[in-house]
Amino acid sequence: MSNNKDQLETELIHAPSNLDVEQRTGAVNVPIYLSSTYHQESFDAFGPFDYSRSGNPTRQALEEKIAQLEEGARGLAFASGMSAISSSFMLLSAGDHVLVSTDVYGGTYRFVTEVLTKFKIDHTFVDMTDLTEVNDAIKPNTKVIYIETPSNPCLNITDINGIVKIAKANDCLTFLDNTFMSPLYQKPINLGVDIVLHSATKFLSGHSDIIAGLAVTNTEELGERLAFIQNSFGSILGAQDSYQLIQGIKTLGSRLKQSSESALKIAAYLTNHPLIKNVFYPGLPNHPGHDLHNSQSKGSGAVLSFEIKDSVKAKTFVEQIRLPVFAVSLGAVETILSYPATMSHAAMPKQERDKRGITDGLFRFSVGLEHVDDLISDLDYALQAASQQVKDPHVVG
Ligand SMILES: *Cc1c(COP(=O)(O)O)cnc(C)c1O
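Residues numbered from 1 in each chain as written. Predicted model: local features only at pLDDT ≥ 70, side-chain atom pairs only at ≥ 80, totals over all residues. Heavy atoms only, no water.

Our focus in this paragraph is the overall build of the protein chain. Looking only at helices and strands, one finds 14 helices and 12 strands in the protein chain. For 397 residues, the compact-globule estimate of 2.2 N^0.38 gives 21 Å, and the C-alpha radius of gyration of the protein chain, at 22 Å, lies within 12% of that figure. Oriented by its inertia axes, the alpha-carbon framework of the protein chain measures out at about 85 × 55 × 40 Å. The buried share of the protein chain, reckoned over its 397 residues, is 56%. Long-range contacts, defined here as pairs at least 24 residues apart, represent 71% of the contacts in the protein chain between residues at least 6 apart. Carbon and sulfur atoms make up 52% of the accessible area of the protein chain, which totals about 17300 Å². Across the protein chain, the 32 positively charged side chains and the 45 negatively charged ones have centroids separated by 4 Å. (Helix = DSSP H or I, 4+ residues; strand = E, 2+ residues; numbered from the N terminus. Rg over C-alpha atoms; globule rule 2.2 N^0.38 Å. Buried < 20%, exposed > 50% of the residue type's maximum accessible area, 1.4 Å probe, protein only. Contact = heavy atoms within 4.5 Å. Areas by Shrake-Rupley, 256 points an atom, 1.4 Å probe, with all protein chains shown as cover. Lys, Arg positive; Asp, Glu negative; His and termini not counted. Charge placed at Lys NZ, Arg CZ, Asp CG, Glu CD.)

This brings us to unusual backbone geometry. Here the residue pair Thr-149 and Pro-150 is connected by a cis peptide bond, since its omega of -5 degrees sits within 30 degrees of zero. Relative to the assigned elements, Pro-150 resides in the loop between β4 (142-148) and α6 (160-169). The step from Asn-152 to Pro-153 runs through a cis peptide bond, and the omega angle for that step is 5 degrees. Here Pro-153 is to be found in the loop between β4 and α6. Within the chain, Asp-171 stands out as a residue other than glycine whose phi angle is a positive 60 degrees. Inspection of the secondary structure puts Asp-171 in the loop between α6 and β5 (173-177). For Asp-171, a relative accessible area of 69% translates into the label exposed.

Annotation of the protein chain at the domain level lists domain 1 (8-250) and domain 2 (252-391). Listed as interface residues are 36 residues of domain 1 and, on the opposing side, 41 residues of domain 2. Buried area between domain 1 and domain 2, summed over both chains or domains, comes out near 3200 Å², and the portion from carbon and sulfur atoms is 64%. Here domain 1 is connected to domain 2 by one salt bridge. (Domains from an automatic or database assignment. Buried area = accessible area lost by both parts, 1.4 Å probe. Salt bridge = Lys/Arg side-chain N within 4 Å of Asp/Glu carboxyl O.)

The buried fraction of helix α4 (residues 106-115) amounts to seven of the 10 residues, a majority that puts the element mostly inside the structure. Summarising the contacts, the buried residues of α4 are in contact with α3 (81-89), β2 (97-101), β3 (122-126), β4 and α13 (350-355).

The next subject is the pairing of strand β7 (residues 213-217). By the criterion of burial, β7 is predominantly enclosed, with five of the five residues buried. Neither face of β7 is open: one carries Gly-213, Ala-215 and Thr-217, the other Leu-214 and Val-216, and all of them are buried. Pairing analysis gives five bridges linking strand β1 (residues 74-78) to β7, with the strands arranged antiparallel. Counted as the bridge partner of Ala-77 is Leu-214 from β7. Pairing of strand β6 (residues 195-199) with β7 involves five bridges; the strand directions are antiparallel. Across the sheet, the residue bridging to His-198 is Leu-214, located in β7. (Pairing = 2+ DSSP bridges.)

To continue, consider helix α9 (residues 239-250). With 12 residues, α9 extends 17 Å from end C-alpha to end C-alpha; this agrees with the ideal 16 Å at 1.5 Å per step. Taken residue by residue, α9 has Ala-239, Ser-242, Tyr-243, Leu-245, Ile-246, Gly-248, Ile-249 and Lys-250 as its buried positions. (Expected span 1.5 Å × (residues − 1).)

Across the interface, helix α2 (residues 57-69) lies against α9 with an axial gap of 8 Å and an inter-helix angle of 35 degrees. The hand of the α2/α9 crossing is left-handed. Every residue of α9 that contacts α2 at Thr-58, Arg-59, Ala-61, Leu-62, Lys-65 and Leu-69 is listed here: Ala-239, Ser-242, Tyr-243, Leu-245, Ile-246 and Ile-249. Along the lines of polarity and charge, the residues of the contact of α2 with α9 split into eight nonpolar, two polar and two charged. (Axes fitted to C-alpha atoms, helices over the stretch in contact; angles between N-to-C directions. Left-handed = near helix turned anticlockwise from the far one by under 90°. Nonpolar A, V, L, I, M, F, W, Y, C, P; charged D, E, K, R; others polar.)

Encoded structure:
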């Protein structure tokens, strides 16, 4: 057997342990081990598993898979993206300080401002696209720089290498939320990031059916520390959801490529639309982070956002659009339209939202697998309808 390194699309399907872990049956899918506890062979001999909070073979197959895909040392699966994120922050101690992207995911904003503060872990929000501002915000007790790139929902691009350099010079760890890119398009550990985080609820699982989170560490040592927190805090991913996530990951390659191709076409269409004020998508050549993004990522992803002109009524637009699910979340086979001001960023006060460009005209559009022409004509229809002051544009004329 050759031992050539496979392309990521191949790894998504095969690596590393999709065969029945015990090699007993040759089943192509990993078994779902529904067991909370494990028989110990003898009085003083312990097997590889003892209790499923500490370790479960199905979850372990998933954890090994994400570690390999992200090219990290250790993967850990959690009950949600927020659980992976908050458990990683638990590596800190009272008196520590963290730097966080201004346009961080709303749930992370809530955790940092309302939970970490109770444990005397302080924070500063900084514009991560401005490395001077990041450098100036470092304090003697800063222990983590937390970034999201592209960010949510305005798709700002952070220079991963630049942040890692500042972190290393100041003895900080870098955490990166890689939910929007997935390991298919962005491998932060290879750029020096210490912990990569995922809401696997999104692209990795891909079918809007489970809530899951993943973390990958760059070293075994950090992996051990995070595994200790995972076991102590206990918000692990169950065996059935672990299985479902492994299945979702297998099709990530085709799903994300198809959706990203459509996203670029939709972004280009919206850019030229007279009723659209702004389009945010790193794949557009006029996006301020376009070149930087291309230097650190292999694709632009399936999420874009756009701002409608004041003459377009947001409510009517949502009422008239037919195909997208109007919902929170992203990264699924169905296109999802969201309204950040009242959905993903509802936890953020209005003046904080406005500072971050999350205006009342902003929509986020996570492109699914529908035919792109259908999505474009749907957008076209709804935008026209929402710009007219009529009740039912279907019957006009
Ligand atoms: C959804 C999301 C999260 C939170 O993940 P959950 O699985 O919902 O807990 C974190 N970061 C980003 C970028 C997300 O989109």
